[in-house]
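Architecture at a glance
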Amino acid sequence: MSTNEQTIAFIGLGNMGAPMVANLCTKGFSVRAFDVSTEALHNAVKLGCDAATSASAAVSGADVVLTMLPNGEIVESLLIDEQCLLEVIPSGALLIDCSTVSATTSLRVHQHADSLGVQCLDAPVSGGVGAAKAGTLAFMCGGTLDAFAAAQAVLGAMGANIFRAGDAGAGQTAKICNNMLLAVHMAGTAEALQMGVNNGLDPSVLSEIMRKSSGGNWSLEKYNPYPGVMPEVPASNDYVGGFLVKLMLKDLGLAAKAGKASSSKTPMGDQAHALFQQLKDSAEDAEGKDFSSILKIFQ
Ligand code: NAD
């Protein structure tokens, strides 16, 4: 079967899942999608996929199943404990979980999948909504070489950089290391920008100077936290959409646990964790804003 003849089931059509589905459809894959939110499902249909009536209907008979869900509790409930989707996914099919969850959750999913003859890959992503729309995500995969090889065409339709971090769960470990660093440099970037503004600098001019100097980093390059510096990022749209504060807090919690379990010293990650918690506690709607709103802590 050529890869484009594969039937793909996609579950979780939020900020990331919807643009990922759009790229799969544009590249000629046939996608059956499901989300518990009717609005998200309707929006995804406009992007070119078919709507399934349930998660179970989506995965039934599928060759590849992709999940892009908020957290590990939902992933385990959907795949193993409540809806038992792994028992509906055909033996021999490939499950790719792109959600960011703990390596422990991921290992549990891999073990259940193995016992049912379903190939499995943990494949969390990086790059944010911009890269999801552009089809340039980075995928950090954990699983067997065979599963990694089988996933190439599908992941290649949504991403530009596809890494195998190691065996089952290794993709998730790479992802939380990356996101702990992201939290640190986003908080540091916001702190530096606000100090510049407080001392009379124009945030756009300061951003350009730091971007081209030794302070340059991804937050300055692609996701400036100061409103009005970059037109297309959440900071210029009242921090709506993007990568929510509650999801960053989830990732920092996962990083803290992994750090503790491995006796790693993570003072920078701990500080970033405390700042994002302070941001969440600062207003009722704060956890539903994009994580670059960490700038508000410094204002
Ligand atoms: P989101 O909250 O926008 O979307 C999640 C979607 O899952 C929602 O549409 C929700 O209705 C759906 N959902 C929840 N429970 C479900 C269930 N039981 N069955 C079917 N659908 C269900 O989240 P997002 O920003 O798209 O993030 C998804 C994952 O990607 C998270 O694990 C996040 O940490 C990770 N991630 C997000 C970003 C980002 O920039 N937003 C970047 C990298 C990784």
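Described in the following lines is the structure provided in the data block. (Residues numbered from 1 in each chain as written. Predicted model: local features only at pLDDT ≥ 70, side-chain atom pairs only at ≥ 80, totals over all residues. Heavy atoms only, no water.)

Looking now at the state of the cysteines. Inspection of every chain in the model, using the stated rule, returns zero disulfides. The thiol sulfur of Cys25 is not disulfide-bonded, and the nearest other cysteine sulfur, from Cys49, lies at 5.2 Å. Cys25 sits in the buried class, given a relative accessible area of 16%. For Cys49, a relative accessible area of 4% puts it in the buried group. (Disulfide = S-S within 2.5 Å. Buried < 20%, exposed > 50% of the residue type's maximum accessible area, 1.4 Å probe, protein only.)

Time to look at the site of the ligand. In the neighbourhood of the ligand, 24 residues make up the surrounding shell, with Asn15, Met16, Asp35, Leu69 and Lys250 lying closest. Side-chain polar atom of Asp35 to an oxygen atom of the ligand: 2.6 Å apart, as the coordinates give it. Residue Thr100 places a main-chain N or O atom 3.0 Å away from an oxygen atom belonging to the ligand. Isolated, the ligand exposes 830 Å² of accessible area, and the fraction of that covered by the protein chains is 88%. Of all the secondary structure elements, the ones that give two or more residues to the shell around the ligand are helix H4 (72–81), helix H6 (128–134) and helix H11 (245–261). Partitioning the shell around the ligand into residue classes produces 13 nonpolar, eight polar and three charged. Of the residues that make up the shell around the ligand, three or more belong to each of domain 1 (3–167) and domain 2 (173–298). (Near = heavy atom within 4 Å. Polar contact = N/O pair within 3.5 Å; in protein donor to acceptor, adjacent residues only side chain to side chain. Areas by Shrake-Rupley, 256 points an atom, 1.4 Å probe, with all protein chains shown as cover. Helix = DSSP H or I, 4+ residues; strand = E, 2+ residues; numbered from the N terminus. Nonpolar A, V, L, I, M, F, W, Y, C, P; charged D, E, K, R; others polar. Domains from an automatic or database assignment.)

Applying the stated criterion across every chain, the model contains nine salt bridges. Of the charged contacts in the structure, one is a salt bridge between Asp81 and Arg108, with a shortest N-O distance of 2.8 Å. Of this pair, Asp81 sits in helix H4 while Arg108 sits in helix H5 (residues 103–115), placing them 27 residues apart in sequence. The class for Asp81 is partly exposed, based on a relative accessible area of 42%. Judged by relative accessible area, Arg108 falls into the partly exposed class, the value being 26%. For Arg211, the salt bridge is made with Glu208, and the minimal N-O distance between the two is 3.0 Å. Pair noted here: Arg211 and Glu208 are both in helix H9 (residues 203–211), with a separation of three residues, about one helical turn. Each of Glu208, Arg211, Lys212 and Glu221 takes part in one network of salt bridges that share partners. (Salt bridge = Lys/Arg side-chain N within 4 Å of Asp/Glu carboxyl O.)

Attention now moves to empty space enclosed by the protein. Throughout the structure, instances matching the rule amount to one cavity of 30 Å³ or more. If you trace the largest cavity, you find it lined by Met180, Leu252, Ala255, Ala256, Thr266, Gly269, Asp270 and His273. The residue makeup of the lining of the largest cavity, split by class, is four nonpolar, three polar and one charged. (1 Å grid on protein atoms, 1.4 Å probe; cavity = no way out; pocket = protein on both sides within 12 Å on 5 of 7 lines; lining within 4 Å. Points joined across faces, edges and corners; volume = space filled by probe spheres on them.)

This part covers the layout of surface pockets. Considered as a void within the structure, the second largest pocket measures approximately 310 Å³ in volume. Listing elements by their share of the lining of the second largest pocket, those giving two or more residues are H5, helix H8 (170–198) and H11. Its residues assigned to classes, the lining of the second largest pocket shows eight nonpolar, eight polar and one charged. Two domains each donate at least three residues to the lining of the second largest pocket, and these are domain 1 (3–167) and domain 2 (173–298).

Moving on: the pairing of strand S1 (residues 7–11). Taking burial as the measure, the five residues of S1 include four buried ones, the bulk of the element. On the question of chirality, the crossover connecting S1 to the parallel strand S2 (residues 30–34) by way of helix H1 (residues 17–26) is right-handed. Pairing of S1 with strand S4 (residues 64–67), which is carried by four bridges, proceeds in the parallel orientation. Pairing of Ile8 across the sheet is with Val64, part of S4. (Right-handed = clockwise from strand over helix to strand, strands pointing away. Pairing = 2+ DSSP bridges.)

Let's shift gears to the nonpolar core. Counting 61 residues, the largest nonpolar core has Phe10, Met20, Leu24, Ile96 and Phe139 as its most contacted members. Take this core: its biggest share by element is five residues, from helix H7 (residues 145–156). In this structure, Leu182, Val229, Leu295 and Phe298 belong to the second largest nonpolar core, which totals 29 residues. (Core = buried A, V, L, I, M, F, W, Y, C linked by side-chain atoms within 4.5 Å.)

Keep in mind that these numbers describe shape and distance, not what the molecule does.
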